[in-house]
Amino acid sequence: MDTRTLRGRVAIVGIGETSYYRHGQSPDAEFKLALKAILSACHDAGMDPRRIDGFASYSNDRNDPSRLAAALGLEQLRSTTMQWGGGGGGNCAAIANGAAAVAAGLSDCVVAFRALAQGQFGRFGQAPTAPTISGDMAWQAPYGVLSPGQKFAMKARRFMHDHGVKQEALRAIAMASYAHAQRNPRAVMHGKPLTEAQYDDSRWIVEPFHLFDCCMENDGAAAVIMVPAERAKDFPNRPVYVLGAATGSDERVAAVPHNTPNYASSSFATVAPNLYRMAGVTPKDVGVVQSYENFTGGVLMALAEHGLFHPDEANEFLQLDNLLAPHGKLPLNTSGGNLAECYMHGFELVLEAVRQVRGTSTAQAPRNDVALVIGGPMVTPVSNLMLGSEAVL
């Protein structure tokens with residue numbers, strides 16, 4: 001048996017978040033948002049923030065850990081990790097890196113977090129305006145491929161063509177997020193339900209993506225607190241254990257121009273098996289999924305590459321009733337996800353997975369002992385995470 005594992009060695013004991021705002025509308029600076037979320041997580045855990053001794057983040061989060069440590073009054077700072085690249089693909093990797101620091105004894109209490117204030121630093125969703133372009137974009141921008149939507153639409157369209165996937169499958173993913181957001185008062189789109197007609201009549205962004213297939217842009221912050229598993233029951237909430245995590249991509253996934261061997265992929269073909277191996281579970285054990293929606297086509301491919309259905313079964317599986325809590329086969333994005341709760345670079349999905357295992361979600365899944373989180377489909381590197389209750393260990 002491989003003893004190099006996170007399974008059951010680290011527990012999430014606190015979660016916290018700020019209010020979520022439309023991009024550019026936060027009244028607070030990004031650093032203050034980060035502090036608010038961390039303090040909220042400490043309050044949830046019933047913990048003095050000075051007990052924190054490590055930080056983990058991703059997507060080049062701008063909040064310096066030493067400055068956070070000073071503001072929070074930490075007695076010492078022992079571990080700081082930043083996941084490299086991948087944009088929202090690093091949300092689960094931030095948990096993995098923080099958990100690894102705890103498991104290895106580098107820290108006793110790590111906060112993983114993400115904070116965004118796009119009014120302060122600029123929008124993620126705008127096409128680049130730099131006078132020179134290098135790297136991957138040098139192969140795309142001269143031909144008018146300027147935004148993530150344009151780039152990823154081609155991958156999704158190829159997958160849909162290869163497996164006969166209909167537009168209605170993407171619509172079901174979008175409608176599940178919006179339906180769950182109506183039950184979540186924290187969601188930005190709470191009170192704004194989505195109908196089939198609204199989806200079908202919405203403008204194309206780039207085929208096969210309608211407006212409602214694309215994630216929002218928001219400001220805010222979210223955080224989780226991790227401690228060694230043996231300390232988990234010292235805190236007031238039901239412990240949520242890290243069962244496994246994985247990050248990376250498969251062969252030549254960043255080959256340019258759009259020349260990866262497995263083109264119609266969410267980048268999880270090799271990453272998903274590594275997660276299941278560490279977590280010691282199978283796709284049939286998963287009771288609820290939180291999947292990053294940069295675009296619904298990425299969710300489609302990611303669910304298939306995690307073995308939750310065969311690609312050729314997508315039309316049958318991706319029916320709205322199958323994706324809704326509490327009665328669906330596999331409740332999906334039960335807080336509203338990036339499409340309808342908040343685009344916190346996917347970190348809000350981790351918090352919702354914790355709530356599911358605790359049994360405190362606004363759209364609770366009946367099978368909640370094993371919760372899967374999928375980060376940033378179609379980017380590279382991607383990451384994923386499996387959380388579970390004590391009953392699974």
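Scoring rules and cut-offs
- Residues numbered from 1 in each chain as written.
- Predicted model: local features only at pLDDT ≥ 70, side-chain atom pairs only at ≥ 80, totals over all residues.
- Heavy atoms only, no water.
- Helix = DSSP H or I, 4+ residues; strand = E, 2+ residues; numbered from the N terminus.
- Buried < 20%, exposed > 50% of the residue type's maximum accessible area, 1.4 Å probe, protein only.
- Contact = heavy atoms within 4.5 Å.
- Expected span 1.5 Å × (residues − 1).
- Core = buried A, V, L, I, M, F, W, Y, C linked by side-chain atoms within 4.5 Å.
- Phe/Tyr/Trp six-rings, centres within 6.5 Å; stacked < 30°, edge-to-face > 60°.
- Lys NZ or Arg CZ within 6 Å of the ring centre and 35° of its normal.
- Axes fitted to C-alpha atoms, helices over the stretch in contact; angles between N-to-C directions.
- Parallel < 35°, antiparallel > 145°, perpendicular 65-115°, else oblique.
- Left-handed = near helix turned anticlockwise from the far one by under 90°.
- Nonpolar A, V, L, I, M, F, W, Y, C, P; charged D, E, K, R; others polar.
- Salt bridge = Lys/Arg side-chain N within 4 Å of Asp/Glu carboxyl O.
- Pairing = 2+ DSSP bridges.

Participant: Could you give an account of the environment of glycine 336, with specific residues and numbers?
Facilitator: Relative to the assigned elements, glycine 336 resides in the loop between helix H11 (320-323) and helix H12 (337-340). In this structure glycine 336 comes out as buried when scored by relative accessible area, which is 0%. C-alpha of glycine 336 to C-alpha of cysteine 215: the two residues are 121 residues apart in sequence and 11 Å apart in space. Excluding anything up to four places from it in sequence, glycine 336 contacts Ser177, His180, Ala181, Glu293 and Glu341.

Participant: How would you explain helix H6 (residues 167-181) if you had to name every residue and give the values?
Facilitator: Across its 15 residues, H6 extends 22 Å between first and last C-alpha, which sits within 8% of the 21 Å expected from 1.5 Å per residue. Among the 15 residues in H6, 13 count as buried, and that is most of the element.

Participant: Could you give me a rundown of the nonpolar core, with the residues and numbers involved?
Facilitator: If you look at the biggest cluster of nonpolar residues, it comprises 99 residues, and the most contacted ones within it are Leu300, Leu318 and Met386. The element that contributes the greatest number of residues to this core is H6, accounting for 9 residues. Among residues more than four places away in sequence, those in contact with leucine 318 are Glu168, Ala169, Ala172, Ile173, Leu300, Leu303, Phe309 and Leu323. The next biggest cluster of nonpolar side chains, apart from the first, holds 31 residues, and it includes Ala11, Cys42, Ala45 and Tyr241.

Participant: Tell me about the packing of aromatic side chains, and name the residues and values.
Facilitator: As enumerated under the stated definition, the model contains 7 aromatic pairs in all. With a centroid separation of 6.3 Å and an interplanar angle of 85 degrees, the aromatic rings of phenylalanine 55 and phenylalanine 113 are classed as edge-to-face. A residue pair is termed long-range when its members are at least 10 positions apart, and phenylalanine 55 in strand S3 (residues 54-58) and phenylalanine 113 in strand S5 (residues 110-116) qualify at 58 residues. The same class applies to phenylalanine 55 as to phenylalanine 113, namely buried. An aromatic cluster is defined as three or more aromatic residues linked by ring pairs; in this entry it consists of Phe152, Phe209 and Phe295. The ring of phenylalanine 31 has arginine 67 sitting right over it, with the charged end atom 3.7 Å from the ring centre. For the cation-ring pair, arginine 114 lies above tyrosine 58, with the distance from its terminal atom to the ring centre recorded as 5.8 Å.

Participant: So what's going on with the packing of helix H5 (residues 148-163) against helix H9 (residues 296-305)? Which residues, and what values?
Facilitator: The contact between H5 and H9 brings their axes to 9 Å, and the two run at 55 degrees. Between H5 and H9, the angle is such that the two are oblique. Along this stretch, H5 crosses H9, giving a crossing that reads as left-handed. Mapping the contact onto sequence places Lys155, Ala156, Phe159 and Met160 in H5 and Gly297, Leu300, Met301 and Ala304 in H9. Its residues placed into classes, the contact of H5 with H9 shows 6 nonpolar, 1 polar and 1 charged.

Participant: Can you break down the pattern of salt bridges residue by residue, with the values?
Facilitator: Overall, the coordinates contain 20 salt bridges when judged by the stated rule. For glutamate 17, the salt bridge is made with arginine 186, and the minimal N-O distance between the two is 3.0 Å. You can see glutamate 17 sitting in strand S1 (residues 10-17) and its partner arginine 186 sitting in the loop between H6 and helix H7 (196-201), a full 169 residues away along the chain. A relative accessible area of 18% means that glutamate 17 is categorised as buried. Among the salt bridges present, the one from arginine 171 reaches glutamate 196, with a minimum N-O distance of 3.8 Å. In this pair, arginine 171 is assigned in helix H6 and glutamate 196 in helix H7, connecting sequence segments 25 residues apart. Here the salt bridges do not stand alone but share partners, grouping Glu17, Arg186, Glu341, Glu352 and Arg355 into one network.

Participant: Outline the pairing of strand S9 (residues 240-248), supporting the account with residue identities and numerical values.
Facilitator: Consecutive residues of a regular strand have side chains that alternate between opposite faces of the sheet. Among the 9 residues that make up S9, 8 are buried, leaving the element largely enclosed by the rest of the structure. As defined by bridge partners, S1 adjoins S9 across 2 bridges and the pair is classed as antiparallel. Paired with alanine 11 across the strands is tyrosine 241, a residue of S9. Judged from the 7 bridges that link them, S9 and strand S12 (residues 382-388) form a sheet pairing that is antiparallel. Note that in S12 the partner of threonine 247 across the bridge is serine 383.

Participant: Give me helix H1 (residues 30-45): which residues, what numbers.
Facilitator: End to end, H1 covers 23 Å across 16 residues, agreeing with the expected 22 Å (1.5 Å per residue, within 8%). Those residues of H1 not exposed but buried are Glu30, Phe31, Leu33, Ala34, Leu35, Ala37, Ile38, Ala41, Cys42 and Ala45. Just past H1, the residue glycine 46 takes up positive phi, approximately 65 degrees.

Participant: I'd like a description of the packing of H6 against H9, backed by residues and values.
Facilitator: Where H6 contacts H9, the two axes come as close as 9 Å, and the packing angle between them is 100 degrees. Looking at the two axes, H6 sits roughly perpendicular to H9. Residues Leu170, Ile173 and Ala174 of H6 form the contact with H9, whose own contacting residues are Thr296, Gly297, Val299 and Leu300. Counted by class, the contact of H6 with H9 contains 5 nonpolar, 2 polar and no charged residues.

These figures come from the coordinates and say nothing about function on their own.
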